[in-house]
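# Remarks on the overall topology
The primary structure of each chain is shown beneath.
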Amino acid sequence: MSAKVSVIIPVHNVEKYIRQTLDSVVNQTFKDIEIIIVDNKSTDKTIEIIEEYAKNDDRFTIYKNSKNLKQGIARNFAVKMARSEYIFFIDGDDYMELNAIEKLYEKITQTDSDIVMFTWNQFDDRTGKIDKNHVYAKLKQIPTEFDNKTFNWRDIKYSVFWQTSVPWDKMYKRKFLIEKDVKFPGDIFFEDNVFVYDALFKAEKISVLREDLMFYRCNRKNAVTNSRNHIFFDYLKIFNLIGDNLKNVGLWDEMKYFYWDYKVITLYWWFMKIRFPYKRKFFNMMKYDFKHLQIEENDKEFVRNRTLFLIDRFTKLPFIVYYPLFFFFDKIFRIEKGVKNYAIVFFSTFEKWYDYKK
């Protein structure tokens, strides 16, 4: 059996949420789908619940890994095994509108896009509240002029690294993923970033659907992003893999300034988030990495001031000096947003803290 769309769901110990996810998938208005489950050695009742659904629905295919290979490898395997024209990812704790696949299939086929991106809402697992205005979810960095036509990364060059780096707010042409060798890195956390940016830089035609079709669950107790521990160290590896991909496709010289800004600002953001017992090591890892960025003197006029400021702060100060003297000032004044010096905070109207374009 072949299908028009493969819905890929990697799962690991999500028994509390998987029914809501599966209900939103099996009840889609668009019926011509296959549902590929890859179980990463769940130890709860996740797989039992999935098998219950599969008994009554021949669109299910279930693969069980002998150990937890993380989501990246699970998704790569599922894409390889898929028998469809298009790929859609959803995580086992999220859910979507019942017409999501129908809307996305219509958009991606009408525009013949390699990727179609859409907007979504954030669902708070602790409070039950739905945030319909989450900035990250609304594709605000993509001009509305592209809503009715296709574009590629060059059309959004200044903001390409500030697009959503999750794979589940997009539908992909499977042929594009296979032919361009767009894959998730294996055995690493936060692998989404590598996959998404590699896809965006390789896609010839991208389209946008500004409709909220997904509900992303945040504040889940066992979520990776909530761990705020040594797992965050993988971010250093992730950013280096993204840089390697730019070099592999011959875009390093053109995109290195944007990449440096994205890397430094985002790593700083996660340094602020990581729990204190892990801050010192993360700080020193960032220090080592920043010292090897190879930003030449003649590059500096093209690198944003906030990026150079943070590089200077991390490379010149030891943690034992930085943390007691500057950490809380940086947090209050949001240095990652572009404050050049503290005088600006005290004497400006706060209107020019940062600028998204040079």
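First, a word on what this report is: a plain description of the structure on this page. These figures come from a predicted structure and were not determined experimentally. (Residues numbered from 1 in each chain as written. Predicted model: local features only at pLDDT ≥ 70, side-chain atom pairs only at ≥ 80, totals over all residues. Heavy atoms only, no water.)

### Some details on the packing of helix α8 (residues 252-273) against helix α9 (residues 276-291)
At a closest axis distance of 10 Å, the pairing of α8 and α9 adopts a crossing angle of 170°. Relative to α9, the element α8 is oriented roughly antiparallel. α9 is crossed by α8, and the crossing has left-handed handedness. Residues Lys263, Val264, Leu267, Tyr268, Trp270, Phe271, Met272 and Lys273 of α8 touch α9, and the partners they reach there are Lys279, Phe282, Phe283, Met286, Asp289 and Phe290. (Axes fitted to C-alpha atoms, helices over the stretch in contact; angles between N-to-C directions. Helix = DSSP H or I, 4+ residues; strand = E, 2+ residues; numbered from the N terminus. Parallel < 35°, antiparallel > 145°, perpendicular 65-115°, else oblique. Left-handed = near helix turned anticlockwise from the far one by under 90°. Contact = heavy atoms within 4.5 Å.)

### Comments concerning helix α6 (residues 192-202)
Among the eleven residues of α6, eleven are classified as buried, and the element is accordingly described as predominantly covered. Turning to α6, its buried residues number three or more, namely Asp192, Asn193, Val194, Phe195, Val196, Tyr197, Asp198, Ala199, Leu200, Phe201 and Lys202. (Buried < 20%, exposed > 50% of the residue type's maximum accessible area, 1.4 Å probe, protein only.)

### Regarding the pairing of strand β4 (residues 84-89)
Within β4, five of the six residues are buried, leaving the element largely enclosed by the surrounding structure. Pairing between strand β1 (residues 3-11) and β4: five bridges, direction parallel. Residue pairing for β4: Val7 is matched across the bridge by Phe88. Pairing geometry for β4 and strand β8 (residues 170-173), over three bridges, is antiparallel. (Pairing = 2+ DSSP bridges.)

Honestly, that's just the spatial picture; any functional story needs more than this.
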